[in-house]
Amino acid sequence: MAKSIGSFGRIRVWEDFLAPDTALTWSTSAQRLGQIGQVSVNEGSFAHTVDEPGGILAATTDTGDNDNIALYAGPFKPSDGGCFFEARFKVNSATLCAIFAGFSETLDATTPVCPAEFDTSTLTINGSGGMVGMLFDPDATTDVWKAVAGDGGAAASGAPVNAANTVVADEWDVVRVEIGADGRCSCYLAVSDGTFKLIKQWDDPITASDIQHAVLLFENRSGAARVAEVDYFWAEGGRDWTR
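Just so you know, these numbers come straight off a predicted model, no measurement behind them.

Undergrad: Whenever I open this one, the overall build of the protein confuses me. Can you help?
TA: Of regular secondary structure, the protein possesses zero helices and 19 strands. Against the compact-globule benchmark of 18 Å for 243 residues, the protein has a radius of gyration of 17 Å, which places it among compact chains. Viewed in the frame of its principal axes, the protein has a C-alpha envelope of about 55 × 40 × 40 Å. Taken over 243 residues, the protein has a buried fraction of 51%.

What follows is the structure in structure tokens.
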């Protein structure tokens, strides 16, 4: 029997944080946050920024080193027509908070781990699955945005790639990450004229038929709480009509 195919071949999530939920409390188990999910290491708190327009979520982590919060959506399968992610965000410290924005096959729904991280000049790819995205980690020797990719705990050839851009406290960054149906991966940073600068493109650093979660993760790099503000979170992929 032929498979049924409907009208909606693209699956999308868009969260603009325009409907504050004042009753929402932080949980270390996976929970819904508007149209996306969230999970964390240790509990922090949520608030909605009211002195800036457009709908902004403020997430304050717990106080321990490596405490974090992961906002996520999916899963998506890149081979079903490619998948895309974009988010706009800022943090209150340029030296004490790591940020990952992109896709990760591995996402622990109880104790999330940053998909990639640095110790001085050493890049570690965490988890057993594929991942690709933009990483800022102040534990690196050079504190700039880096395009990273890997699979099975190993970095892709040529990873990481340093961007010229760094994180500035309380200034917005926009990251866009794309995975094609053929597995080609592209990492972008927005620049001041409203365009995106390609930081790195890999031909096939991941397996395109493996599922991926769109992830925006903030993680402490000191024993103090960090505040991350998120303006929007968008992710899109193709529907699997073969099942």
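Undergrad: What is the right way to look at the state of the cysteines in this model?
TA: Disulfide: a covalent bond formed between the sulfur atoms of two cysteine residues. Across all of its chains, the model carries zero disulfides by this definition. The thiol of C83 is not disulfide-bonded; the next cysteine sulfur, from C185, is found 8.0 Å away. We note that C114 lacks a disulfide partner, and the nearest cysteine sulfur, in C97, lies 9.5 Å from it.

Undergrad: Looking at this structure, I do not really get the packing of aromatic side chains. What am I missing?
TA: Taken as a whole and judged by the stated rule, the model has eight aromatic pairs. Aromatic side chains F89 and W145 sit 6.1 Å apart centroid to centroid with 65° between the ring planes, which places their arrangement in the edge-to-face category. Residue F89 is located in strand β7 (residues 83-91), and its partner W145 is located in the loop between β11 (131-136) and β12 (146-151); the two are separated by 56 residues in the primary sequence. For W145, a relative accessible area of 0% corresponds to the buried category. With 5.9 Å between their ring centres and 75° between their planes, F89 and F218 make a pair best called edge-to-face. With F89 in strand β7 and F218 in strand β18 (residues 212-220), this residue pair connects regions lying 129 residues apart in the sequence. We note that F89, like F218, is buried. Ring pairs connect the aromatic residues F89, F136, W145 and F218, which therefore count as one cluster. When the ring centre of F118 is taken as reference, the NZ or CZ atom of K146 above it lies at 5.1 Å. The ring centre of W241 lies 5.8 Å from the NZ or CZ of R239, which sits over that ring.

Undergrad: Explanation requested: unusual backbone geometry in the structure shown.
TA: For residues other than glycine, phi is negative in most cases, and the peptide bonds are mostly trans. Look at the link from G74 to P75: it is a cis peptide, with omega at 5°. For P75, the position within the fold is in strand β6 (residues 68-76). Between A159 and the following residue, P160, the backbone shows a cis peptide bond with an omega angle of 0°. Within the fold, P160 resides in the loop between β13 (154-155) and β14 (161-162). Look at N66: it is not a glycine, yet its phi comes out positive at around 75°.

Conventions we followed
- Residues numbered from 1 in each chain as written.
- Predicted model: local features only at pLDDT ≥ 70, side-chain atom pairs only at ≥ 80, totals over all residues.
- Heavy atoms only, no water.
- Helix = DSSP H or I, 4+ residues; strand = E, 2+ residues; numbered from the N terminus.
- Rg over C-alpha atoms; globule rule 2.2 N^0.38 Å.
- Buried < 20%, exposed > 50% of the residue type's maximum accessible area, 1.4 Å probe, protein only.
- Disulfide = S-S within 2.5 Å.
- Phe/Tyr/Trp six-rings, centres within 6.5 Å; stacked < 30°, edge-to-face > 60°.
- Lys NZ or Arg CZ within 6 Å of the ring centre and 35° of its normal.

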